[in-house]
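Residues per chain, in single letters:
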Amino acid sequence: MVRAIEWIDAGTESHIRLLDQTLLPGSETYLEVSTVDSLIDAIQRLAVRGAPALGTSGGYGVALALHEGARKGWTADEVKQNIDAVANARPTAVNLAWGARRAETFVAEGFERVLEEAHAIGLEDERANRELSKLGADWLLAQIGDRPLRAVTHCNTGALATTAWGTAYGILHELHLRGRLEMVYVDETRPLLQGTRLTSWELKNDGIPHLVEVDGAAASTILRGLVDFAVIGADRITANGDTANKVGSVALALACARKGIPFVVAAPYSTVDEATTTGDDIEIEERSDAEVLEFAGVRAAAEGVRAFNPAFDVTPHDLISAIVTERGVVEASTAPQPLFPQAS
Ligand SMILES: CSC[C@H]1O[C@H](OP(=O)(O)O)[C@H](O)[C@@H]1O
């Protein structure tokens, strides 16, 4: 199974190894990331991406800050500044800052302890993904019927977006392994095409039947009855269950509500932000005009034309049938509020 992010132990040459997702599916190229600045660059250009993978990136980013700081003689303040820069490299996915701050709590104990915590973050993510995939598949088969199902999904939530296995993709993979998945409609996911480039690559490699569709087709695919459910990942789930995910997700939720089929969110509990009350409080990353106006580096719009490029949208909890984490399935539209009370 492909791994988006790993720590390579090599003494003074130790580094983070990243599969450069901007080059997929045409090229499987790995980056050897040995500085905080190059990690931040990789995060911001989505060479490494996906909320859970960003959580692991945050953890390894702290280890990298200590490793680079030892090589370059950084002061404690300089190390702290670099850790903060990693945590703040992208604003919407809660996992990035969560992973960095969790590893940061062990800085006083030194590099080896921080690295141990970063490894733990990754291992826990894989375990969580495998568990939630089983729980999500069980819930869907109980809700819809124990038969091969047809799904629509948005963006990329497979091993590439996580430490391993995947979240929404993990549920689809689990259904496939049980002989209960007939077809997956894959939203292309403009503007960076995570669906066309990454999800279809993973589905093809896993032998899972699928069709890529333009984002604009998703609502009618649902309303025409071509699918039995929609399942997506998440970048931040607030205490009331509102969910930030790749822009275009809320359109699927609205269509599922109209059609009366399940709209499911799948994420490790590290994506739940208990401290944020509702989705109104989530910062939505806005990215460059060029991502919208250019195709393969060729400008499609007239000079002077500007773009609006929010990278995420927020699905209100009352449009979400179920939120699946490794801790269980919360039926978001009916469960008592807050869905995710702050840990005592
Ligand atoms: C496994 S959830 C991944 C989540 O992250 C993606 O965003 P991006 O590609 O910008 O990192 C998208 O929202 C996915 O649902």
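Residues numbered from 1 in each chain as written. Predicted model: local features only at pLDDT ≥ 70, side-chain atom pairs only at ≥ 80, totals over all residues. Heavy atoms only, no water.

A.B. asks: A description of the packing of helix α1 (residues 36-44) against helix α3 (residues 76-87) should follow, citing residues and the corresponding values.
C.D. replies: The geometry of α1 relative to α3 is characterised by a closest axis approach of 10 Å and an angle of 10 degrees between their N-to-C directions. By the angle class used here, α1 and α3 are roughly parallel. Two secondary-structure elements touch here, α1 through Val36, Leu39 and Ile40 and α3 through Asn82, Ala85 and Val86. Residues of the contact of α1 with α3, tallied by class, amount to 5 nonpolar, 1 polar and no charged. (Axes fitted to C-alpha atoms, helices over the stretch in contact; angles between N-to-C directions. Helix = DSSP H or I, 4+ residues; strand = E, 2+ residues; numbered from the N terminus. Parallel < 35°, antiparallel > 145°, perpendicular 65-115°, else oblique. Contact = heavy atoms within 4.5 Å. Nonpolar A, V, L, I, M, F, W, Y, C, P; charged D, E, K, R; others polar.)

A.B. asks: Got a sec to walk through the site of the ligand? Specific residues and values, please.
C.D. replies: The environment of the ligand is formed by 19 residues, the closest being Arg49, Arg90, Asp235, Asn245 and Lys246. Between an oxygen atom of the ligand and a side-chain N or O atom of arginine 90, the distance comes to 2.8 Å. Note that an oxygen atom of the ligand is positioned 2.5 Å from one of the side-chain N or O atoms of aspartate 235. In the complex, the protein chains occlude 100% of the 400 Å² of accessible area that the ligand would expose alone. Of all elements in the fold, only α2 (51-72) and β9 (243-246) reach the threshold of two or more residues within the shell around the ligand. Looking at the shell around the ligand residue by residue, the class counts come to 7 nonpolar, 8 polar and 4 charged. Looking at which domains feed residues into the shell around the ligand, each of domain 1 (5-124) and domain 2 (134-330) gives three or more. (Near = heavy atom within 4 Å. Polar contact = N/O pair within 3.5 Å; in protein donor to acceptor, adjacent residues only side chain to side chain. Areas by Shrake-Rupley, 256 points an atom, 1.4 Å probe, with all protein chains shown as cover. Domains from an automatic or database assignment.)

A.B. asks: Lay out the nonpolar core with the relevant residues and their values.
C.D. replies: With 34 residues, the main nonpolar core has Trp7, Ile16, Leu18, Leu39, Ile43, Tyr60 and Val114 as its most contacted residues. At the level of secondary structure, the elements contributing two or more residues to this core comprise β1 (5-8), β2 (15-19), α1, α2, α3, α4 (94-104) and α5 (111-144). No other element matches the 9 residues that α2 contributes to this core. Ignoring any residue separated from it by four or fewer positions in sequence, one finds leucine 18 in contact with Ala4, Ile5, Thr29, Tyr30, Leu31, Val33, Leu39, Ala42 and Val48. (Core = buried A, V, L, I, M, F, W, Y, C linked by side-chain atoms within 4.5 Å. Buried < 20%, exposed > 50% of the residue type's maximum accessible area, 1.4 Å probe, protein only.)

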